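Topology and contacts: notes
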Amino acid sequence: MAVEVPEENLLIQKIARVFDEAKSSRASPIRKLKDLSALRSSIQTAQFFSAFTKTLTPIFTTQRRFASVERIVQFVAVFACLRDPNHSEDCDAFFEQFLRFLVAGTGAANRTARFRACQIISEIIMRLPDDAEVSDELWDEVIDCIKVRVGDKVPIIRTFSVRALSRFANDAENSDILDLLLETLPLEQNPDVRKTILLSLPPSNVTSIAIINCTLDVSESVRKTAYAVLASKFPLQSLSIKQRTIILQRGLSDRSAAVTKECIKLMKDEWLMKSCNGDPVELLKYLDVETYESIGVSVMDALLKAGLVKLHAGLSIKQFISSDNNTTEGCSTQLMDAEVALYLRTLCKHLQTEAQAKGSDAAMTSGTEAAVYASEASDSNDLLEKILPESVSEYITLVKAHIVAGQTNRFTARQLLLLGSMLDFSDASNRKVAAVFVVELLNSPLQHEVDDDGNKVVIGDGISLGGEREWSDAVSGLAKKVHAAQGEFEQVVLSVVAELAQPCRERTADFLDWMHCLSVVGLLLEHTKSLRWMHGNSIEPAELLHSLLLPGAKHIHLDVQRAAVRCLGLFGLLERVPSEDLVKQLRLSFVKGPCLVSSMASKALMDLATWHGPQEVDKATNRNLCSQFKDHMKTIHPVDWSDTNEDLDIELIDLLYAGFDRSDFAQPVDADENESVHAVLAEGFAKILLLSENYLTVSVSSHPILLSKLISLYFSSRTSELQRLKQCLSVFFEHYPSLSLNHKNCICKAFLPVMRSMWPGINGTTGGSNVVVSNMRKRAIQASRFMLQMLQAPLYPKEVDQNENNLPDQNDSGYGEEGLAICIAAEILSFQKKKNAAEKSYVSAICKILVSLRFKQTEQVAVKLMRRLMSRVAEAVSADKDALKELKQMSEHLKASDTSPDEPLQPEQANLLLGKLDVQMDIDGDESCLEVEPTPLPKSTRPVRGRRRARQEKESSSDEEEEACYNTVAPANPVMASVRSQRACKSAALSKLLSTTKPDKIVDDEDEDEDDDDGGDESAVTSDDDSE
């Protein structure tokens, strides 16, 4: 041994010398590898392996990633993979031994050792040649240990474990590795690990979904990596149209400029240049612009801003118009593809905007700079003239040709209509020709089909001109461009309306004629600025209301009713004061109409309420309306919808709120599956609450009730499919608590009503099976935490400054976190001592919120009152040990916040605060118990041993006083005196067993303490309290 040890030390020194050279520089790694390989071949493998691992051991204790250490790690990985053909057996034996050594290191308790072992294994796996001969048993062992490390608690270890498995992710034999990575990706918390997983995923249909989902990741670097992986591994043709549009939609609208830049790089380098040969029209064909028009426009805007689109191969509208003297129109047309139409429309819009911007810059500068700007504007205008038709007549001929071609060319026709806003209609002859074309567009009937039963079915939404809102906007834009003079647009449209309304007045029109007429009226009311421009024309506004809109709202056909109600809402927004007949009809349509009509009526009424104010709308009815909100009622009684044949005699806010009680209003309407009457009402009430300062006529007492309903809807399982409602309320809840301190007070008032309404078994809320009850409780707990988060959200800076200027008056209502805590305490104490399962779980849930509320030292009355209530609250939740511990900590915080603990709480101050909170509670009996005392378990009937009695006699008098106070706070229940706890039973059994096998002995103090802990006479809270 004396000889072997120096030899081993000498070998370690040689290996260490190689490592020192390797860590200093990367200059000559081949020479160092040859030297170390020669040293390995010159001695026995076991001897070299022992010295090698001992030399490498300091690496496994170095946590920081120094450059020198990283070079040694890479050098070791390369050396392990190096195979000398002349000594292949020695190389294979060393490689196997070293891998097993690293596998053992991955299971070490030390995190640094696990990290270095996983790092070296990953480097070896990534550098190992494909033809390397490794036993399957060894590989299985390595893969299994690395798969375990994927779930390690240290992120860097998880990162290298994923990197090591990435080489096997594409192997069909190891499909479980890919499954593991896909399962880990959405659950992983560290962004670096998620990035590594993304880089490790092979291209496939399954992985493409996971990678595209990461484009919504919260981390900017992960989203950027997702686009880089999509660019490198997924060609354009391998993705579906839906996936392509999602990628571009998210990337081009991302809030991070770096992510957007990466998406543009993907779109330009991989999709545009490689897959489409630089042709933007070809790229648009891969995106189905007829279905995803907005994404196609975003793509074109991004390419145009990047300067990647020029006038492609001389492409212009003129190519689709050819002169032909043999035709009556003087020219013939060629139909245009949808992608070409969108390309030309966005290109022309860009050139027009650029010319206007450069012209403005030239007008605001002078000299050479102005000349440069003017030249650039002139170039853009010249290019625009090359694309647009030479005359208005040619343009109209081209649009008509696409309209006549049928529904398949509807998209192209609309794109051409939008191009009309870029034409010049200053010439009288051009304007005359265009005016005739506008009238033809307005007179075009709605498209319809005939079903199997012979009934006519309208194509489109049934309320807009042409059956779609985009077509209506395009027609109105062209009409306003042609008739740009004040009042001329209204005059032309009203002349068309008067002509279309004639058969409707004479009762000879079918429902298609009614819907066509109402669609033109809706176009007019939506785009006119005032009713005064409608006076003195073919049909007066009052005549339009009474002869067309009101009769249409009473039509037998539901689609006609829906279109008429929409027009009534638009008409009411243009009036200075809402008319009586209009408001009454809208209320009647809301109450008595089917869901399709009630949804439109609710939109109209909510728009009138937010525009004119609820009080003005109520005045228009000329009736004495009652309101439960103005009576300051805590509970709003439901309205009996079937008890009347006419409108309900309640105010507008009460009427709209009563709509939440109708179950049929919760169902999605036929026209839009993502919208219901409840969603419309919730969106409207969210606007009123968010801008409550603008709606002073809305009773303040209604705000907590409305907010409670919105929170209940947000967490309701019935609204999970209403995406528009979810998005609206999420934005509302994000801003509402930070806008005003009054909003936070409203959240406090709404807390308990929300919890009562959502918790099963409380206030008549029905449950069901155990699974249903469990899910309802989970949603209620989630809602409580959500409200706490809103309550503790910081105010916006402007509101903070206003509150500081009005500090004395900011909490006159008594609410705030302190007021909510007192209300929760009163709620807990309102239940009897014997509670059922629902009440116990409810009390435990709100108690967890109670201990999370914060008290300010300035609110001394609330602090003292809460200290007085703490003992009773602790007694009410004595069965929940976790709650008792948290209440004890809260009691200590309250004690520290009490600046004058010697001064008692005056009854007048307490009653004043309780009156502000509208809480009725008797606090006279709590004056002597200000602290939360530990609640004892039922006393055991086991005889007390003599040595315990002797020890108790030696305790100080102060401990006796504490024990007396302890017994008065929560006295033991006499009925339970004969029942021992489980811990007491266990201790008694153990003591009896020991007494039969071992003789009695004297117990010292330490044994006595252990015996006290095992006795079960005290709870965990009692032990903590005594230890202090």
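The text that follows walks through the structure, step by step, so that each part is easy to find.

About the thresholds
- Going along each chain's sequence as written, the residues are numbered from 1 onward.
- Selection of residues for local features in this predicted model requires a pLDDT of at least 70, selection of side-chain atom pairs for listing and counting requires 80 or more, and totals for whole chains, interfaces and linings are taken over all residues.
- As a rule here, side-chain values come from all non-hydrogen atoms in the structure, and water together with hydrogens is ignored.
- Working definition: helices are DSSP H or I runs of at least four residues, strands are E runs of at least two. Numbering for both runs from the N terminus.
- Any pair of N or O atoms that falls within 3.5 Å is considered a polar contact. Within protein, one atom must be able to donate a hydrogen and the other to accept it, and sequence-neighbouring residues count only if both atoms are side-chain atoms.
- Pairs of residues are marked as contacts when any of their non-hydrogen atoms sit within 4.5 Å.
- We define a salt bridge as a contact between a side-chain nitrogen of Lys or Arg and a carboxyl oxygen of Asp or Glu at a distance within 4 Å.
- Relative accessibility under 20% of the residue-type maximum defines a buried residue, over 50% an exposed one, and the middle range a partly exposed one, all with a 1.4 Å probe and only protein chains included.
- Between the N-to-C directions of two axes lies an angle of 0 to 180 degrees, each axis being a line fitted to C-alpha atoms and, for a helix, fitted only over the stretch in contact.
- For any pair of crossing helices, the crossing counts as left-handed if the nearer helix is rotated counterclockwise from the farther one by less than a right angle, and right-handed if it is rotated clockwise.
- Each residue is assigned to one class: nonpolar for Ala, Val, Leu, Ile, Met, Phe, Trp, Tyr, Cys and Pro, charged for Asp, Glu, Lys and Arg, and polar for all the others, Gly among them.

1. Re the side chain of Lys864
- Following the sequence through the fold, Lys864 ends up in helix α39 (residues 860-876).
- In this structure the side chain of Lys864 is engaged in a polar contact, spanning 3.1 Å, whose partner is the side chain of Asp898.
- Separated by 2.5 Å, the side chain of Lys864 and the backbone oxygen of Ser900 make a polar contact.
- Residue contacts for Lys864: discarding those within four places in its chain leaves Asp898, Ser900, Pro901, Glu903 and Leu905.

2. Focus: the pattern of salt bridges
- Inspection of the entire model under this criterion finds 33 salt bridges.
- Arg100 is the partner of Glu141 in a salt bridge, and the nearest nitrogen-oxygen pair spans 2.6 Å. Linking Glu141 in helix α7 (residues 136-149) with Arg100 in helix α5 (residues 88-106), this pair joins segments that are 41 residues apart in sequence.
- The class of Glu141 is partly exposed, set by a relative accessible area of 31%.
- We classify Arg100 as partly exposed; its relative accessible area is 31%.
- Salt-bridge contacts for Arg410 lead to Glu468; the nearest nitrogen and oxygen are separated by 3.9 Å. Taken together, the residues span a long stretch of sequence, with Arg410 in helix α20 (residues 410-419) and Glu468 in the loop between β4 (456-458) and α22 (469-482) at a distance of 58 residues.
- Look at Arg410 and you get buried, because its relative accessible area is 13%.

3. As for the side chain of His516
- Take His516: it is sitting in helix α24 (residues 511-527).
- Taking the relative accessible area as the measure of exposure, His516 reaches 6% and is therefore buried.
- Among the polar contacts listed, one links the side chain of His516 to the backbone oxygen of Ser444, at a separation of 3.0 Å.
- Once residues lying within four places of it in the same chain are set aside, the contact partners of His516 are Leu442, Asn443, Ser444, Pro445, Leu446, Leu465 and Leu500.

4. So, the packing of α7 against helix α8 (residues 155-165)
- Put simply, α7 and α8 touch, their axes get as near as 8 Å, and they point 140° apart. Considering only the axes of α7 and α8, their crossing is left-handed. The residues of α8 that touch α7, namely those facing Ile143, Ile146, Lys147 and Arg149, are Ile157, Arg158, Ser161, Ala164 and Leu165.
- For the contact of α7 with α8, the class distribution of residues is five nonpolar, one polar and three charged.

5. Brief notes about unusual backbone geometry
- In the Ramachandran plot, Arg507 falls in the positive-phi region, its phi being about 60° despite a non-glycine side chain.
- On the secondary structure map, Arg507 appears in the loop between α23 (488-505) and α24.
- Non-glycine residue Asp918 carries a positive phi angle of around 60°.

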